Amino acid sequence: MTLPASSFRTTAAGAPIRVLVVDDSAAARAMICAVLARHPDLVCVGEAADALQAREMIRGLDPDVVTLDMVMPGMDGLDFLERLMRLRPTPVVVIASATRQHQTTVLRATALGAVAFIEKPQPGAQGVLDAFESTVVARLREAARSRQTVRRSAVAGEVVAVPASASGRLIAIGASTGGTEATPRLLARLSPAVPPVLIVQHMPAGFSARYATRLNGLGPLAVSEARDGESLQAGHAYIAPGGQHLSVERGAAGGYVARVSDGEPVQRHRPSVDVLFRSVAKVAGDRAIGIMLTGMGGDGALAMRLLREAGAYNLAQDEATSAIFGMPREAIRAGACQEVLPLDAIGPRVMALLGLAAPAVCTTRLRPETSPADR
C-alpha cells in the first residue's frame, strides 16, 4: 500500500460528512449506504469490496470517514487499518460481524486507531435495525469530529499525525481499591503525545510519592506526585499526594496548573475523585476525557456526571476486569459514562478519541505489586 501521508481535508461548514463504505458483502454495503441516505448530513461517496479498491478510492475521493469490514478477500481489515493509519491517517469506524475472536479483534482495531467498533445486526426485529442505525450515525459524526492534521516535524522532517484539537485537553482518572494495579496498565497504553493526565488514587499520606516513582518506571509517560502551582505538561501524569486533594485551574498563560490542598474530606476521601472531576469539568469541559477505574464506594460518580454535562467524554472500567466494581457502577448508574470497557481497552480507546496511534505495550513490566496504598 503506497498511499502518501496527507492532512485530512477540512469539510466546509454545513457540508455533509463524506463516507467511503468498505465491505466485501454487497448486502452490507447496501445496508450501510441506505442508513447514510436517510441522514442529510451524511453521504456515501463510494463503495469498495476489498482493500485494493479501498486504497484507490481513498486516494481519489479523500473521504472524511471510512467504514471498514474486518473479513475481506486478500488483505483483511486489521492489516488494511494498520497500513491506512500509518500511511494516510483517516477516521475509521469498523462495522463487522462478531466472531469467536471478537474481543481480541475489537481491542486490536481500537489500538490501531479505529474510532469505533460496531457489530453488524442479525436479521430480526425492526428495533435491532433502528438501534444499529442510531449507533452508526452517532459514531460517524463522532469520527468526523476526530479528524487529524498531519504536519512535518521541524526536528527530523518526520511525518507525524497530530490531533487537530489537542490544545487544552485533559485526562482525569479516578481509582480506589485495585487501582494501584489498574492504573499502570492503563498508562502503559498511552503515548507521550497525550495531554496531561491527572490521577486521584485513594491512598493515605506517605505512599503516593513511592507509588508515583514506581509508575514512572513502568510506561512511556513521565509520572510524578503533583505539586501545588505546577504547570501541567503533555506526556506527564500527576498523582494526587496521599491525604491531599488534587484539582486543576487555568494558569495565567492559558495552560493548566495543579492545585494541591488539605481541605475537608469529600465523599469521605482525601484525595477525592469528586474534587478533581469537578475542577476538570469547570476548566476543561468538552476538552476533557474522564475515566473511572476499579474502586469501592461512589466517590466521583456525581462529579463525573457534571463532567459529561460539560461535554467531556467519559469511560468506565467494566465489572469483569474490576477488582471492586463500586465506583464504576455508581458512575454508570449516574449516567456519567458514554462507554464501559475492559481495562486493557480503555487506553487504546483514549488514544483513538485523541486521534493518536497507540504505543506498543511491554506487558512484562506490568507485574502486580502488593502495595499498602491500595488498602
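Procedures and definitions
- Residues numbered from 1 in each chain as written.
- Predicted model: local features only at pLDDT ≥ 70, side-chain atom pairs only at ≥ 80, totals over all residues.
- Heavy atoms only, no water.
- UniProt positions renumbered as here; feature names shortened; annotations may be inferred.
- pLDDT = per-residue confidence, 0-100.
- Contact = heavy atoms within 4.5 Å.
- Axes fitted to C-alpha atoms, helices over the stretch in contact; angles between N-to-C directions.
- Helix = DSSP H or I, 4+ residues; strand = E, 2+ residues; numbered from the N terminus.
- Left-handed = near helix turned anticlockwise from the far one by under 90°.
- Buried < 20%, exposed > 50% of the residue type's maximum accessible area, 1.4 Å probe, protein only.
- Pairing = 2+ DSSP bridges.

The name an unreviewed UniProt entry assigns to the protein is Protein-glutamate methylesterase/protein-glutamine glutaminase, from the organism Sphaerotilus montanus. The UniProt entry for the protein carries this comment under Sequence similarities (unreviewed entry): "Belongs to the CheB family."

(A) Spatial organisation of the confidence of the model for the protein. Chain-level statistics for the protein give a pLDDT mean of 83 and a share of 82% at 70 or above. Of the regions scoring below 50 in pLDDT, residues 148-166 engages in 31 contacts with residues more than four places distant in sequence or in other chains. In the model, residues 367-375 has pLDDT below 50 throughout and makes 17 contacts with residues more than four positions away in sequence or in other chains.

(B) How the structure looks around the packing of helix H6 (residues 179-187) against helix H7 (residues 208-216). Where H6 meets H7, the closest approach of the two axes is 10 Å, and the angle between their N-to-C directions is 30°. Taken as a pair, H6 and H7 cross one another with a handedness that is right-handed. For the pair H6 and H7, contact is made by Gly179, Thr180, Thr183, Pro184 and Leu187 and by Tyr211, Arg214 and Leu215, respectively.

(C) How the structure looks around the UniProt feature "modified residue: 4-aspartylphosphate" (unreviewed entry) in the protein. Following the UniProt record, one finds the feature "modified residue: 4-aspartylphosphate" (unreviewed entry) at Asp69. The class for Asp69 is buried, based on a relative accessible area of 6%. If we ignore the near neighbours within four places in the chain, the residues touching Asp69 are Val22, Asp23, Asp24, Gly77, Ile95, Ala96 and Lys120.

(D) Structural view of the sheet that holds strand E2 (residues 42-48). The strand order across the open sheet built from 5 strands is E2-E1-E3-E4-E5, with neighbouring strands paired in parallel fashion. Taken across any chain shown, the strands that pair with only one partner, and hence form the sheet edges, are E2 and strand E5 (116-119). Sheet twist, expressed as the mean angle between neighbouring strand axes with direction ignored, is 25°. With 4 bridges joining them, strand E1 (residues 17-22) and strand E3 (residues 65-68) adopt parallel strand pairing. When the sheet's bridge partners are listed, Val19 is paired in E3 with Val65. Strands E1, E2 and E3 of the sheet are contacted by helix H2 (residues 51-61), whose axis makes an angle of about 135° with E2.

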